Amino acid sequence: MVVSDQAPLGERSLDLAWFRRELDQEREFRLEQLISLSYDADAPCSKAHEEVRAALTAGARRALAEIDAAQFRLSRGTFGICEICGRPIPAHRLTAIPTTRLCPPCERSRVDPAELAGDGTD
């Protein structure tokens, strides 16, 4: 088990080595993705292809920044703690999204209500 949410708060433990490995693998993947995208940048392409490549590059850079931030939290001992309320982030959320910074209630409070009320015609 990667994380135990069943233990009392003071005894809650994370398998930090597992998260380090996961984050290292994801970081390597994103670096390889950026290298591949930079090689593709030299090839002639359509405007649409160029826009897709730019969006992929921006997404990979954002993901890489989130990975680096999660690795920093691991090194500081704050990994798995919500940056807003300071409560532990649930195990299932960390396992699914190791780069997450917020617990579910704080994440929901940051969602723009206008986005939820959208009519889907965007």
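Conventions adopted
Residues numbered from 1 in each chain as written. Predicted model: local features only at pLDDT ≥ 70, side-chain atom pairs only at ≥ 80, totals over all residues. Heavy atoms only, no water. Helix = DSSP H or I, 4+ residues; strand = E, 2+ residues; numbered from the N terminus. Buried < 20%, exposed > 50% of the residue type's maximum accessible area, 1.4 Å probe, protein only. Contact = heavy atoms within 4.5 Å. Areas by Shrake-Rupley, 256 points an atom, 1.4 Å probe, with all protein chains shown as cover. Core = buried A, V, L, I, M, F, W, Y, C linked by side-chain atoms within 4.5 Å. Salt bridge = Lys/Arg side-chain N within 4 Å of Asp/Glu carboxyl O. pLDDT = per-residue confidence, 0-100.

Caption draft 1: Quick peek at the overall build of the chain. A tally of regular secondary structure across the chain gives 5 helices and 2 strands. For the chain, the α and β elements follow one another from N to C terminus as β-β-α-α-α-α-α. Classification of the 122 residues of the chain by burial places 27% in the buried group. Contacts in the chain between residues at least 24 apart in sequence constitute 50% of all its contacts with a sequence separation of at least 6. Total accessible area computed for the chain in this model is approximately 8,300 Å², and 54% of it derives from carbon and sulfur atoms.

Caption draft 2: How the structure looks around the nonpolar core. In terms of nonpolar packing, the biggest core is built from 12 residues, these being Phe19, Leu23, Ile67, Ala70, Leu74, Phe79, Cys82, Ile89, Leu94, Leu102, Cys103 and Cys106. Elements with a contribution of two residues or more to this core: α1 (16-40) and α2 (47-76). Ranked by residues supplied to this core, first place goes to α2 with 3 residues.

Caption draft 3: Looking closely at the pattern of salt bridges. Applying the stated criterion to the full structure yields 6 salt bridges. Of the charged contacts, one joins Glu26 and Arg30 as a salt bridge, the two residues approaching to 2.9 Å between their closest N and O atoms. Placement of both Glu26 and Arg30 in helix α1 is noted, with a separation of 4 residues, approximately one turn of the helix. Ionic pairing is found between Arg101 and Glu66, a salt bridge with its closest N-O pair at 3.1 Å. Of the two residues, Arg101 sits in the loop between α3 (91-96) and α4 (104-109) while Glu66 sits in helix α2, which places them 35 residues apart along the sequence. On the basis of relative accessible area, Glu66 is assigned to the partly exposed category, the value being 30%. Overlapping salt bridges bring together Glu66, Arg73, Glu83 and Arg101 as one network.

Caption draft 4: A look at the confidence of the model for the chain. Per-residue pLDDT for the chain averages 83, and the proportion of residues at 70 or more is 80%. Note that pLDDT drops below 50 for residues 1-11; the model gives that stretch 20 contacts with residues more than four away or on any other chain.

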